[in-house]
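These are the residues of each chain, in order.
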Amino acid sequence: SESARSGVVGRASRRAFLKASSAVAASAMAGSLAVGRAAHASGSDILKVGLIGCGGRGAGAAANALNADKNARLVAMADLFQDKVLSSREQLKKVKGEQVAVDDDHCFAGFDAYQKVIQSADVVLIACASRFHPEYMKAAVEAGKHVFVEKPHAVDPPGVRVVQEACELARGKGL
């Protein structure tokens, strides 16, 4: 019957999904173990972290990154709006103290602010509006930076293709 066939297809799809997501999770965990060793600036134990998107989720991602490594320092922040950058920096300073080392010259605002964060950091956290994720991810990978991107990575087929391209490039660069 049609319903029996669709049930089998549904189970096979779920099984394939679980298998694929398990592989992705395993590779992500293995990859995150190597980031600390590979992302440090040459000759330094300090891991320079940059944040793009200073809303609540961005500040949370930055705090998580700083919790992961005592030698991590938030060194640059960007958002479309300067007031978001400044308020998020103050909030993070209260929680993470010395690990928030973002001076006024590294608080960026505007549509090109992401480029300045990429130039300033070893690891780039992207937690802004989803529409920008693919472009920012690709720019960071092209610059040789490790990247963490909040979900969703892309919101349309062209964006998904950009993300796939960036992932292939990252793999080739050992990021």
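Above this text you will find the structure in question.
Quick summary incoming for the structure in this document.

With that settled, consider the overall build of the protein. On a plain count of helices and strands, the protein comes out with six helices and five strands. Listing each helix as α and each strand as β along the protein from the N terminus yields α-β-α-β-α-β-α-β-α-β-α. Taking all 175 residues of the protein together, the buried fraction comes to 37%. Within the protein, counting contacts between residues at least 6 apart in sequence, those at least 24 apart form 67% of the total. Surface accessibility of the protein: about 10,000 Å² in total, with carbon and sulfur atoms responsible for 57%.

The subject of this paragraph is the pattern of salt bridges. Applying the stated criterion across every chain, the model contains six salt bridges. Among the salt bridges present, the one from Glu90 reaches Arg89, with a minimum N-O distance of 3.6 Å. Given the relative accessible area of 38%, Glu90 is considered partly exposed. Of the charged contacts in the structure, one is a salt bridge between Lys138 and Glu142, with a shortest N-O distance of 3.9 Å. A residue pair is termed a helical-turn pair when its members lie 3 or 4 positions apart in one helix, as Lys138 and Glu142 do in helix α5 (residues 133-142) at four residues. Since its relative accessible area comes to 24%, Lys138 is described here as partly exposed. Looking at Glu142, the relative accessible area reads 47%, which means it is partly exposed. In this structure, a network of salt bridges that share partners links the residues Arg89, Glu90 and Asp104.

Relative to strand β5 (residues 146-149), strand β4 (residues 123-126) runs parallel, the two sharing four bridges. Paired with Val124 across the bridge in β5 is Val147.

Among all positions in α5, only His133, Pro134, Tyr136, Met137, Ala140 and Val141 are buried. Down the axis, α5 shows its buried residues gathered within 170° of arc, on one side only. Tucked inside the fold, the buried residues of α5 contact β1 (47-52), α4 (113-120), β4, β5 and α6 (157-173). At the exit of α5 stands Gly144, carrying a positive phi of roughly 80°.

For the rest of this paragraph, the subject is α4. Buried residues of α4: Ala113, Tyr114, Val117, Ile118 and Ser120, and no others. All buried residues of α4 lie within an arc of 165° about the axis, which places them on one face of the element.

A separate point is the packing of aromatic side chains. For any pair of aromatic rings, geometry is given as the distance between the ring centres together with the angle between the planes. Scanning the entire structure with this criterion turns up three aromatic pairs. Ring centres 5.5 Å apart and planes at 15° place the aromatic pair Phe132 and Tyr136 in the stacked group. The pair Phe132 / Tyr136 is uniform in exposure class, with both members buried. Linked through ring pairs, Phe111, Tyr114, Phe132 and Tyr136 together constitute an aromatic cluster.

As a volume, the second largest pocket reaches approximately 150 Å³. Looking at the second largest pocket, it is lined by 13 residues, and the ones nearest its centre are Gly53, Asp79, Leu80, Cys128 and Ala129. For the lining of the second largest pocket, a count of residues per class yields 10 nonpolar, two polar and one charged.

Mapped onto the elements of the fold, Glu150 is located in the loop between β5 and α6. At a separation of 3.0 Å, a polar atom in the side chain of Glu150 contacts the side chain of Arg57.

What follows is about unusual backbone geometry. Across the junction of Lys151 and Pro152, the peptide omega takes the value -10°, indicating a cis bond. Its place among the elements puts Pro152 in the loop between β5 and α6.

Conventions and cut-offs
- Residues numbered from 1 in each chain as written.
- Predicted model: local features only at pLDDT ≥ 70, side-chain atom pairs only at ≥ 80, totals over all residues.
- Heavy atoms only, no water.
- Helix = DSSP H or I, 4+ residues; strand = E, 2+ residues; numbered from the N terminus.
- Buried < 20%, exposed > 50% of the residue type's maximum accessible area, 1.4 Å probe, protein only.
- Contact = heavy atoms within 4.5 Å.
- Areas by Shrake-Rupley, 256 points an atom, 1.4 Å probe, with all protein chains shown as cover.
- Salt bridge = Lys/Arg side-chain N within 4 Å of Asp/Glu carboxyl O.
- Pairing = 2+ DSSP bridges.
- Arc of directions from axis to C-beta.
- Phe/Tyr/Trp six-rings, centres within 6.5 Å; stacked < 30°, edge-to-face > 60°.
- 1 Å grid on protein atoms, 1.4 Å probe; cavity = no way out; pocket = protein on both sides within 12 Å on 5 of 7 lines; lining within 4 Å.
- Points joined across faces, edges and corners; volume = space filled by probe spheres on them.
- Nonpolar A, V, L, I, M, F, W, Y, C, P; charged D, E, K, R; others polar.
- Polar contact = N/O pair within 3.5 Å; in protein donor to acceptor, adjacent residues only side chain to side chain.

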